[in-house]
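Commentary on secondary and tertiary structure
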Amino acid sequence: MLNRNIFFPSLIILLSLIFLVFISQFPEPRYQDAPVGAGFFPAVIAVLQIVICSVLIFQYKQKQNNQNKQKQQQTKEIPLVSKHSIFGFTLLIGYAALITLVGYLPASLVGFTYYLIYYRVKKPLYYVIAWIFVFTIYFLFGEVFVISLPEGLLFF
Amino acid sequence: MTEYLLSGFASAFSMAVFPVLVFGVLGGVILGALPGLTATMGVAILLPFTFGMDATPALVMLIGVYIGGIYGGSIAAILLKTPGTPASAATVLDGHTMAIKGLAAKALSIAAVASFIGGLISTVVLIAVAPILADFALRFNAPEYFALALFGLTIIASVSAKNIMKGLLAGTIGLLVSMVGLDPISSVPRFTFGVMDLYSGINIIPVLIGLFAIAEGLNQLEKMSSDKQEMPPKFSYKLLSFADFKKILPTSIKSGLIGTSIGSVPGAGADISAFACYNEAKRVAKNPEEFGNGSMHGLAAAESGNNGVTGGSLVPLLTLGVPGDAVSAVLLGALIVQGLTPGPLLFTQNPEIVYGIFSSMIVANIVMLIVGFLGIRFFCRIIEVPKILMIPIIIFLSVIGAYAINNSMFDVGIAITFGLLGFLLNKLDIPSSPILLAIILGPMAETNLRKSLIMYEGSWSFLYDRPIALAFILFAIFSVYSTIKLKKKERLAEKK
């Protein structure tokens, strides 16, 4: 399995190289007084990123060499994503999608209730608190501070 | 100045502002007390609520949340060994040990008093120094602003937890994000990929909501199942005595001053300040071995140090338009939303708002002290709020908050993207705060560097022939040098 300490800096190096290609296509300054163009700063940053990531990879390799193999086997990496974080991502993206379609109120009621059901919450009080929270936010934003909340594409 | 301050006090005690101030402090204390909810997140969550409010109550409420939030973080740190905010990480060292020894109420009362002293010193310094700095800032031109931004960017090294390179990487990610949109000098579209929403650049508030609130919500969600429910320690009602107060007063004053100085440096936050003050208190202590074993001085230093940042961070924000830390970055957003431009002109164009903020900060610190003492019994109940309810509240509020900025689902997408990025970076031990600081300081550095080069017809001599710019560049070099030296020392100490 690819190590995250190698994979992430390598990915950044690759992205920086792609950025450098994009940056080279930025138009050059047309007037005489502009010594540097729009690409100067991003190019410096992209090069810096490549240098930093190379150092990070080197640091990691050096650290690996310094540790004895037995120790390396003992230290298990915490997984990057777990079942709960995947549920979190899904809830977040699903909520954003639902809010776009049906608007704040139905999306929040459904989202919060689904979350509590997913975690097998049996206390009815928690459901009541969740719904009160949703309606309170709706009231606070809509009525008190007059800030519009998403109304949903389906209800337009 | 005095008349503006007095009218500021009158405004702070008016019916339009005082309830909002109390609500802000109380809300901040509660948010800060809940593990995982930082003062930054509290201010970010409540920011959309201020969109429909007048400038003074809106800013006062957010500052109340800031002051309350920094103090509130100590409550969970003392009682549950779970710092409510990163700023309270140093508070755990002695605060929780005191709680274990049955001195929970005493520890909480020391935290409240030290926080009050730190916050008050910080506000007084802000009032005294800010107008002078504002006059000084009027002498700033493009080269000085570039040097200042560069200095601010070098502080990224010190915000980087263990590995400076990782902090710098986060900083460069932030700088690249800040380049998205039309180039500030020649209006060339950069990294927009034909997406119209990207032409105006990436809004900082959804980025902030994503990096702090959403990422933290996801982290907490993941921890929720693995965490064993830690029972709150038994509660003793013995408070701080007058003799104890006299003992901690010098440490608190010194830490308040150090905290204010650290806070006024762009990029340095309450977490760094708390540790710096703790270390300094330990360095000069007669019995340094007591530190970590329930030392009142250690607790007072950490708490006064982190609250000292509250006023300090507003010095560069109000006078130069440069946020001192992540919270003041959100406050910068709040000022812009209210149609105010932070910087030297704020003092001449809107003095009533500036001095209103100053007076309200003093009142907010007093309110925080009262809330701190009155709430000692109540706090034990609040920190028992089940995470299962808090996490979706954080996530849903973040989505709504991101939408409410521009009524745009695009901003929600940005918040979610940065939420996921923040979550993943956290797993890779890469700090998120440098991203935010770089997004803020990046455009300032770029615009002013290019303006300076145009002014000097392509020559880089502005870096050394303008005294203020040169001073900032020297500060920047010193800042990097001292950070590297400090980190080396820490590494050596760890090895021993």
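The structure this text deals with has already been given above.
So, here is what we can say about the structure in this document. From a predicted model like this one, the values you see are computed outputs, not experimental measurements.

1. Re the overall build of chain B
The number of helices and strands found in chain B is 22 helices and two strands. When each of the 496 residues of chain B is scored for burial, the buried share is 64%. Counted over contacts in chain B with a minimum sequence separation of 6, partners at least 24 positions apart contribute 79%. Taken as a whole, chain B presents about 18300 Å² of accessible surface, with 65% of it coming from carbon and sulfur.

2. Notes on empty space enclosed by the protein
Residue and element names in this part refer to chain B. Under the definition given, this model contains three cavities of 30 Å³ or more. Surrounding the largest cavity, Leu59, Ile63, Leu314, Leu317, Leu318, Leu331, Leu335 and Ile357 form its lining. Only α4 (55-80), α14 (314-320) and α15 (326-337) provide two or more residues apiece to the lining of the largest cavity. Among the elements that line the lining of the largest cavity, the one with the most residues is α14, at three residues.

3. Thoughts on the layout of surface pockets
Residue and element names in this part refer to chain B. In this structure, the second largest pocket occupies an estimated 980 Å³ of space. Along the wall of the second largest pocket there are 38 residues; nearest its centre are Ile202, Ile204, Ile336, Ile439 and Pro443. Of all elements in the fold, only α9 (164-178), β1 (181-182), α10 (204-226), α15, α19 (387-406), α20 (409-427) and α21 (433-455) reach the threshold of two or more residues within the lining of the second largest pocket. The leading source of residues in the lining of the second largest pocket is α21, at seven residues. In terms of residue class, the lining of the second largest pocket is built from 23 nonpolar, 11 polar and four charged.

4. Focus: the packing of aromatic side chains
Counted under the stated rule, the structure contains 25 aromatic pairs over all chains. Between phenylalanine 87 of chain A and tyrosine 114 of chain A, the aromatic rings sit 6.1 Å apart at their centres with planes inclined by 40°, giving tilted as the arrangement. Within this pair, whereas phenylalanine 87 of chain A is found in helix α4 (residues 83-102), its partner tyrosine 114 of chain A is found in helix α5 (residues 104-118), the two being separated by 27 residues in sequence. The class of phenylalanine 87 of chain A is buried, set by a relative accessible area of 7%. Given a relative accessible area of 47%, tyrosine 114 of chain A falls into the partly exposed group. Connected via pairs of aromatic rings, a cluster forms that spans Phe87, Tyr95, Phe112, Tyr114, Tyr115, Tyr118, Tyr119 and Phe133 of chain A together with Phe396 of chain B.

5. Describing helix α3 (residues 39-46) of chain B
One turn of the α-helix equals 3.6 residues, which is why residues spaced by three or four share an orientation. By the criterion of burial, α3 of chain B is predominantly enclosed, with eight of the eight residues buried. Within the span of α3 of chain B, buried status applies to Ala39, Thr40, Met41, Gly42, Val43, Ala44, Ile45 and Leu46 of chain B.

6. Looking at unusual backbone geometry
Of all residues except glycine, most have a negative phi; of all peptide bonds, most are trans. A positive phi is found at arginine 120 of chain A, a non-glycine position, where the angle reads about 50°. Topologically, arginine 120 of chain A is positioned in the loop between α5 and α6 (124-144). For glutamate 457 of chain B, which is not a glycine, the phi torsion comes out positive at approximately 50°. Within the secondary structure layout, glutamate 457 of chain B lies in the loop between α21 and α22 (467-495). For glutamate 457 of chain B, a relative accessible area of 69% translates into the label exposed.

Calculation criteria
- Residues numbered from 1 in each chain as written.
- Chains lettered and ligands numbered in written order.
- Predicted model: local features only at pLDDT ≥ 70, side-chain atom pairs only at ≥ 80, totals over all residues.
- Heavy atoms only, no water.
- Helix = DSSP H or I, 4+ residues; strand = E, 2+ residues; numbered from the N terminus.
- Buried < 20%, exposed > 50% of the residue type's maximum accessible area, 1.4 Å probe, protein only.
- Contact = heavy atoms within 4.5 Å.
- Areas by Shrake-Rupley, 256 points an atom, 1.4 Å probe, with all protein chains shown as cover.
- 1 Å grid on protein atoms, 1.4 Å probe; cavity = no way out; pocket = protein on both sides within 12 Å on 5 of 7 lines; lining within 4 Å.
- Points joined across faces, edges and corners; volume = space filled by probe spheres on them.
- Nonpolar A, V, L, I, M, F, W, Y, C, P; charged D, E, K, R; others polar.
- Phe/Tyr/Trp six-rings, centres within 6.5 Å; stacked < 30°, edge-to-face > 60°.

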